[in-house]
Amino acid sequence: MKRIEWNRLDADARRACLARPGAGDQSDVEAAVRRVFEQVRADGDTALRALTRRFDNVELARFEITAEEMAAAVAGVPAALRAALAEARERLLTWHRAGMATEFEVDTAPGVRCGRILRPIPRVGLYVPAGSAPLVSTALMLGVPAVLAGCEEIVLCTPPRADGSADPAVLAAAELCGVRRVFKLGGAQAIAAMAFGTDSVPRCDKLFGPGNRYVTAAKQLAAMMAGGPAIDMPAGPSEVLVIADAGAPPVHVAADLLSQAEHGPDSQVVLLTDSAALVDAVEAEVRRQVAELPREAIATRALEFARLVQVDSLDEAFAISNDYAPEHLILALREPRPWLARVTCAGSVFLGDYAPEGLGDYCSGTNHVLPTNGAARAWSGVSVASFQKSISVQEVSRAGLAAIGPCAVEIARAEGLEAHAQSVLRRLEATA
């Protein structure tokens, strides 16, 4: 971990201080992803088998999981975990339903009625990571809003395990959401398969889900292809930023930092506080707690990019946080809610000492598929709207055309687009 006094740094040092891991040259990652895409585009399932053999050390004759495989895997999941997944699903349904967009119509002028209709994206592809840790909860986070949106076909890809099977808990979460088409495919090759389509894997209209640098690069490359799929957002390695005051319990703050550090060696965790004593206490707690973790080695590597930053005031902390735009923002403050108005850029916010980020990851009801790497400046987390298209509609009567037609003609001619003007004028003349 690196301890920093913010106001001793110049502008360049401040930028370097909060640079994300892997934020430098990505050319090697992009080149590797392009090679994978070229293989899958050219050879389809044959390429997928070769890439799965190379990256996952597994030989697969079939990628899609059969109904029998699904049933057997789900039956083997402990009852307590199945119950927890069902409980989490209900809260996700509650939150997502409350935030669903609605259709509407409004008269913008006499005789001019405008509205919005919502339609589901026909076929969506969900990616559930399962590298060093199967993200069982991600299947819920993506499956619940996809089903609520009414998508006609939902495709889920998750990496195979060493024995060639998919993680049973991931399958249980998918089955609970009503996701029936699951494929044992991981990494950039899974994204390529859903982007291009193969004999086995259907081509998808939009891709969703978090992943490592290769998965993130693959999604972005897919979105740039002519006719390629849309993507939910840039969602790469995880990160958390904690703003804490002197009264924050060091044991809680340290645990929150480590909860993200254990995701992977390219995760980043940051503490901003105006208390030097808290920095001391949190640093000691992190060193004590990390030694107790099963994933100590991974968390320790991530802590090389951890930053314990002392600032002069909480106002300064919020300015830094908004510029950093964290995926997760924890406000470990005695009175956190009044500070919420100061938050302008964050994927998800956790208020107070009893809202650990882990609840948001699993079962509070909010979605944990969130923008990373500063994308929270402009992107939002996954919601039902992410799986829908919003289509505008307008209906105009004779009176409505007469009322607003001259306005359109004036603007069209200002743009030098006479055919636009004539499309209105010819109707005005016909109805005069």
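For the structure, see preceding data.
On a predicted model such as this, the values are computed, not experimentally measured, just so you know. Residue numbers run consecutively from 1 along every chain, following the written order of its sequence. At least 70 in pLDDT is required for a residue's local features to be given in this predicted model, at least 80 for side-chain atom pairs to be given and counted, and no such filter applies to totals for whole chains, interfaces and linings, which use all residues. To obtain the side-chain values, all non-hydrogen atoms of the structure were used and water was disregarded.

Enquirer: Please clarify how helix H12 (residues 314-324) should be interpreted in this entry.
Expert: An α-helical turn contains 3.6 residues, so a residue and the one three or four places further along point in the same direction. The buried label applies to any residue whose accessible area, calculated with a 1.4 Å probe on protein chains only, is under 20% of its type's maximum; exposed applies above 50%, and partly exposed to all values in between. Only DSSP runs of H or I reaching four residues or more are called helices, and only runs of E reaching two or more are called strands; each is numbered from the N terminus. In terms of burial, H12 is a largely internal element, eight of the eleven residues being buried. Of the positions making up H12, those classed as buried are Leu-314, Glu-316, Ala-317, Phe-318, Ile-320, Ser-321, Asn-322 and Tyr-324.

Enquirer: Before we go on, may I ask you to explain the pairing of strand E6 (residues 181-184) in this structure?
Expert: Here is the key point about a regular strand: its side chains alternate between the two faces of the sheet. At least two DSSP bridges between two strands are required for those strands to pair. Two elements, strand E5 (residues 153-158) and E6, share four bridges in a ladder whose sense is parallel. Across the sheet, the residue bridging to Leu-156 is Val-182, located in E6.

Enquirer: Sorry, what's going on with the sheet that holds strand E11 (residues 307-310) here?
Expert: The strands that make up a sheet pair up through hydrogen bonds in the backbone, lying either parallel or antiparallel. Strand order in the open sheet formed by six strands is E1-E11-E10-E9-E12-E13, and the pairing between neighbours is parallel. Among the strands making up the open sheet, the edge pair consists of strand E1 (2-5) and strand E13 (348-351). With direction set aside, neighbouring strand axes in the sheet form an average angle of 15°. Of the strand pairs in this sheet, strand E12 (residues 328-332) and E13 are connected by four bridges, and their pairing is parallel. Residue pairing across strands places Ile-330 opposite Phe-350, the latter belonging to E13. Any two residues whose heavy atoms approach within 4.5 Å are treated as being in contact. Where helices are involved, their axes are fitted lines through C-alpha atoms of the stretch in contact, as for all axes, and angles between N-to-C directions lie from 0 to 180°. Packed onto the sheet, helix H10 (residues 276-290) meets E1, strand E9 (239-244), strand E10 (268-273) and E11 and runs at close to 165° relative to E11. Running at roughly 165° to E9, H12 makes contact with E9, E10 and E12 of the sheet.

Enquirer: Please explain the nonpolar core as it appears in this structure.
Expert: Proteins that are soluble and globular tend to have nonpolar side chains buried together. To form a nonpolar core, buried Ala, Val, Leu, Ile, Met, Phe, Trp, Tyr and Cys residues must be joined to one another through side-chain atoms within 4.5 Å. Counting residues in hydrophobic clusters, the biggest one holds 41 residues, and the most contacted among them are Val-124, Leu-126, Leu-156, Val-182 and Phe-387. At the level of elements, helix H3 (67-75), helix H4 (79-98), strand E4 (123-127), helix H5 (136-149), E5 and helix H6 (168-177) are the ones that each hand at least two residues to this core. Of the residues forming this core, the biggest block, eight residues, is contributed by H5. Core analysis: the next-biggest nonpolar cluster, separate from the first, contains 34 residues, Val-201, Cys-204, Ala-222 and Ile-231 among them.

Enquirer: Honestly, the packing of helix H14 (residues 398-414) against helix H15 (residues 418-431) in this entry has me stumped. Any pointers?
Expert: For any two helices packed against each other, one specifies the inter-axial angle together with the distance between the axes. Running from amino to carboxyl end, H14 crosses H15 at an angle of 150°, the nearest separation of the two axes being 9 Å. By the angle between their directions, the pair H14 and H15 is classed as roughly antiparallel. The element H14 and its partner H15 pack so that their crossing is left-handed. Across the interface between the two elements, Arg-398, Leu-401, Ala-402, Gly-405, Pro-406, Ala-408, Val-409, Ala-412 and Arg-413 from H14 touch Glu-418, His-420, Ala-421, Gln-422, Val-424, Leu-425, Arg-427, Leu-428 and Thr-431 from H15. Tallied by class, the residues present in the contact of H14 with H15 amount to ten nonpolar, four polar and four charged. Oblique is the label for every angle not falling under 35 degrees (roughly parallel), over 145 degrees (roughly antiparallel), or within 65 to 115 degrees (roughly perpendicular). A crossing counts as left-handed when the near helix is turned anticlockwise from the far one by less than a right angle, and as right-handed when that turn is clockwise. When residues are sorted by character, Ala, Val, Leu, Ile, Met, Phe, Trp, Tyr, Cys and Pro go into the nonpolar class, Asp, Glu, Lys and Arg into the charged class, and all the rest, Gly among them, into the polar class.

Enquirer: Any chance you could explain the pattern of salt bridges here in plain terms?
Expert: Between side chains of opposite charge, a pair can form when the charged atoms approach closely. The working definition used for a salt bridge is a side-chain nitrogen of Lys or Arg within 4 Å of a carboxyl oxygen of Asp or Glu. Under the definition given, this model contains 23 salt bridges. One salt bridge connects Glu-239 with Arg-20, and the closest N-O pair in it is separated by 2.8 Å. Here Glu-239, found in strand E9, pairs with Arg-20, found in the loop between helix H1 (11-17) and helix H2 (27-56); they are 219 residues apart in sequence, far enough to count as distant. For the residue pair Glu-239 and Arg-20, the accessibility class agrees, reading buried in each case. Glu-64 is paired through a salt bridge with Arg-181; the nearest N and O atoms lie 2.9 Å apart. Linking Glu-64 in the loop between H2 and H3 with Arg-181 in strand E6, this pair joins segments that are 117 residues apart in sequence. Overall, the relative accessible area of 17% leaves Glu-64 in the buried class. Arg-181 gets classed as partly exposed once you look at its relative accessible area, which sits at 25%. Salt bridges here are not isolated pairs; linked through shared partners, they connect Arg-3, Asp-280, Glu-283 and Arg-287.

Enquirer: Looking at this structure, I do not really get the sheet that holds strand E8 (residues 230-231). What am I missing?
Expert: The five strands lie next to each other as E6-E5-E4-E7-E8, forming an open sheet whose pairing is parallel. Looking along the sheet, the strands with just one partner apiece sit at the ends: E6 and E8. Where E4 lies against strand E7 (residues 206-208), three bridges are found, and the strand directions are parallel. Bridged to Gly-125 within E7 is Leu-207.

Just distances and angles here, no functional claims.
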